[in-house]
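Residue-level listing of the chains:
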Amino acid sequence: MNSFGNGDIDHPDAARVIHSGYFHPLLRKWNSGNTEITPSHLMYPVFVVDNDDALEEIASMPGVYRYGLNKLKEELKRLVALGLKSILVFGVIEKLPKDATGTNADSPDNPVVKAIPLLRQHFPDLIIACDVCLCAYTEHGHCGILNKDGSFINEASIYRLGQIALSYAKAGCHVVAPSDMMDGRVGAIKQLLTQAGLVSRVCVLSYAVKFSSTFYGPFRDAAKSAPAHGDRKAYQLPPGSSGLATRAALRDVAEGCDMLMVKPGLAYLDIVHKTKLAHPAHPLFVYQVSGEYAMIYHAAKAGSFDLRVALQETLTSFRRAGADCIVSYFTPQILQWISSGEWQQYK
Ligand code: PBG
Ligand code: ZN
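None of these values were measured; they are calculated from a predicted model.

Focus: the overall build of the chain
Counting its regular elements, the chain contains eleven helices and ten strands. The C-alpha radius of gyration of the chain comes to 22 Å, within 12% of the 20 Å expected for a compact globule of 347 residues. With the principal axes as the frame, the chain shows a C-alpha extent of 85 × 40 × 40 Å. Burial status across the chain gives 54% buried among its 347 residues.

So, the environment of valine 113
Mapped onto the fold, valine 113 is located in helix H3 (residues 111-122). Taking the relative accessible area as the measure of exposure, valine 113 reaches 17% and is therefore buried. Sequence spacing of valine 113 and leucine 284 is 171 residues, and the spatial spacing of their C-alpha atoms is 26 Å. Other than its neighbours up to four places away in sequence, valine 113 contacts Asp106, Ser107, Pro108, Tyr168 and Ala171.

Some remarks on helix H7 (residues 242-254)
If you check H7, its first and last C-alpha atoms are 19 Å apart, about what 13 residues at 1.5 Å a residue would give, namely 18 Å. Within H7, the full set of buried residues consists of Ala245, Ala248, Ala249, Arg251 and Asp252. Projected onto a plane normal to the axis of H7, the buried residues spread over an arc of 160° and lie on a single side. Exposed and facing more than 90 degrees away from the buried side of H7 are Arg247 and Ala254. Where H7 is buried, its residues meet helix H5 (185-195), strand E7 (203-210), strand E8 (259-263) and helix H8 (269-278). Between the side-chain oxygen at the start of H7 and the backbone nitrogen of leucine 244 there is a gap of 3.0 Å, and the oxygen is on serine 241.

Topic: H3
Given a rise of 1.5 Å per residue, twelve residues ought to cover 16 Å, and the 16 Å separating the end C-alpha atoms of H3 matches this to within 8%. Those residues of H3 lying buried are Pro111, Val112, Val113, Ala115, Ile116 and Leu119. Those residues of H3 that are buried are in contact with strand E1 (42-49), helix H2 (69-81), strand E4 (86-92), strand E5 (127-132) and helix H4 (154-171). Between a side-chain oxygen at the N-terminus of H3 and the backbone nitrogen of valine 112 the separation is 2.7 Å; the capping residue is asparagine 110.

Some points on the site of ligand 1
Contacts to ligand 1 come from 18 residues, most closely from Lys210, Arg220, Lys263, Ser290 and Tyr329. Residue lysine 210 places a side-chain N or O atom 2.6 Å away from an oxygen atom belonging to ligand 1. Within the contact set of ligand 1, an oxygen atom lies 2.9 Å away from a side-chain nitrogen or oxygen of arginine 232. Its free accessible area being 400 Å², ligand 1 has 100% of it covered by the protein chains. Here the residues of the shell around ligand 1 sort into ten nonpolar, three polar and five charged.

Examining the packing of H8 against helix H10 (residues 307-321)
Remark: H8 packs on H10, axes separated minimally by 8 Å, with the N-to-C direction vectors making an angle of 35°. The segment H8 lies against H10, with Leu269, Val272, His273 and Lys276 engaging Ser317, Phe318 and Ala321. The residue makeup of the contact of H8 with H10, split by class, is four nonpolar, two polar and one charged.

Looking at the coordination of the zinc ion (ligand 2)
At this site the zinc ion (ligand 2) is bound by Cys133 (SG), Cys135 (SG) and Cys143 (SG), with donor distances of 2.2 to 2.3 Å. Classification of the site at the zinc ion (ligand 2) as tetrahedral follows from its four donor atoms and the range of 98 to 119° in their angles at the metal. Sequence spacing of the donor residues for the zinc ion (ligand 2), all on one chain, is C-x1-C-x7-C. The same class applies to cysteine 133 and to cysteine 135, which are both buried.

Quick look at the side chain of serine 213
Residue position: serine 213 is located in the loop between E7 and helix H6 (217-223). Take serine 213: its relative accessible area is 9%, and that puts it in the buried class.

Remarks on the pattern of salt bridges
Applying the stated criterion to the full structure yields twelve salt bridges. The closest approach of N and O atoms between arginine 66 and glutamate 56, which form a salt bridge, is 2.7 Å. With a gap of ten residues between them, arginine 66 in strand E3 (residues 65-67) and glutamate 56 in strand E2 (residues 55-57) connect regions that are remote in the sequence. When its relative accessible area of 7% is taken as the criterion, arginine 66 is described as buried.

Observations regarding the side chain of serine 328
Take serine 328: it is sitting in strand E10 (residues 325-328). Among the residues examined, serine 328 registers a relative accessible area of 0% and is labelled buried. Within polar-contact distance, the side chain of serine 328 engages the backbone nitrogen of phenylalanine 330 at 2.9 Å.

Conventions we followed
- Residues numbered from 1 in each chain as written.
- Chains lettered and ligands numbered in written order.
- Predicted model: local features only at pLDDT ≥ 70, side-chain atom pairs only at ≥ 80, totals over all residues.
- Heavy atoms only, no water.
- Helix = DSSP H or I, 4+ residues; strand = E, 2+ residues; numbered from the N terminus.
- Rg over C-alpha atoms; globule rule 2.2 N^0.38 Å.
- Buried < 20%, exposed > 50% of the residue type's maximum accessible area, 1.4 Å probe, protein only.
- Contact = heavy atoms within 4.5 Å.
- Expected span 1.5 Å × (residues − 1).
- Arc of directions from axis to C-beta.
- Polar contact = N/O pair within 3.5 Å; in protein donor to acceptor, adjacent residues only side chain to side chain.
- Near = heavy atom within 4 Å.
- Areas by Shrake-Rupley, 256 points an atom, 1.4 Å probe, with all protein chains shown as cover.
- Nonpolar A, V, L, I, M, F, W, Y, C, P; charged D, E, K, R; others polar.
- Axes fitted to C-alpha atoms, helices over the stretch in contact; angles between N-to-C directions.
- Donors = N, O, S within 2.8 Å, 3.2 Å for Na, K, Ca; no water.
- Tetrahedral: all angles 85-135°; square planar, octahedral: opposite > 155°, others 65-115°.
- Salt bridge = Lys/Arg side-chain N within 4 Å of Asp/Glu carboxyl O.

Here it is as structure tokens:
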């Protein structure tokens, strides 16, 4: 007789031994749900600058570069050979002027508009997503069109964002990804795409749940998009607001977005999880943003931990929380590890 009153079980602790059976990597994998990272789970953000021969390392993000059109092709060729499946393209202007309505976000000289047809031609299987926003092209550096008093003109902003999305769609991208957080822009984009007959050729990935975050700091340096005055707290979500996150995702789903994104990642895993639970029918992206890149890069460089192991754990946590795809500046490094067999999540 044991303590459970069951004579057949002679080990008194048998019912309490619940997690001893995962002594092999495959057993650990079976216990790890949908957490695997393969190339299709990764999207690589790429900065394209209006200086065709440029190759500029971004000081706040060592190992990440702004590419001129002539340099981009070589780098992507290398990455596609390693298994790269999708990119998220950001335009950066150094020579073209900025103005109040972001004219150069979709002018014929815009580096994204110029890059898309070339990329489609050279990399026919690569999914090309384009960030849609105004902040890199407006003289004030905000993500919409402003009144004199600094408040947003919502109608003008979402119409302008729709026009930009339409220009990238006409140039041939597969996905448009509005990152501005203006109310109603997904609906405006869908409407303009529908009117142009492009709605079944372009997918809308909404940065639906985007928090106002200090972790965007290095990106603003990379994209030259820091606001000239004020901050983005009136249109990006307050870090403590779980309710606004729910409402923002519901709004974009109601307006017909095809896929959702939460950003940043690591500090918002609860939001990733609940967004996936609320919208299981929508693919969910999580953006491991520039500050997360810098944080992990510098900690690993200082010897605080091993870069690969830290990334395995971090990316596994995004997948565990519910992400279907991860936007990461570490993508080239991870692809390298996957292709050489060194990416060992369950070993
Ligand atoms: C622009 C935009 C930002 C990011 C993506 N698109 C910056 C911001 O909103 O200030 C952040 C990406 C990153 O930090 O890696 N709307
Ligand atoms: Zn913006």
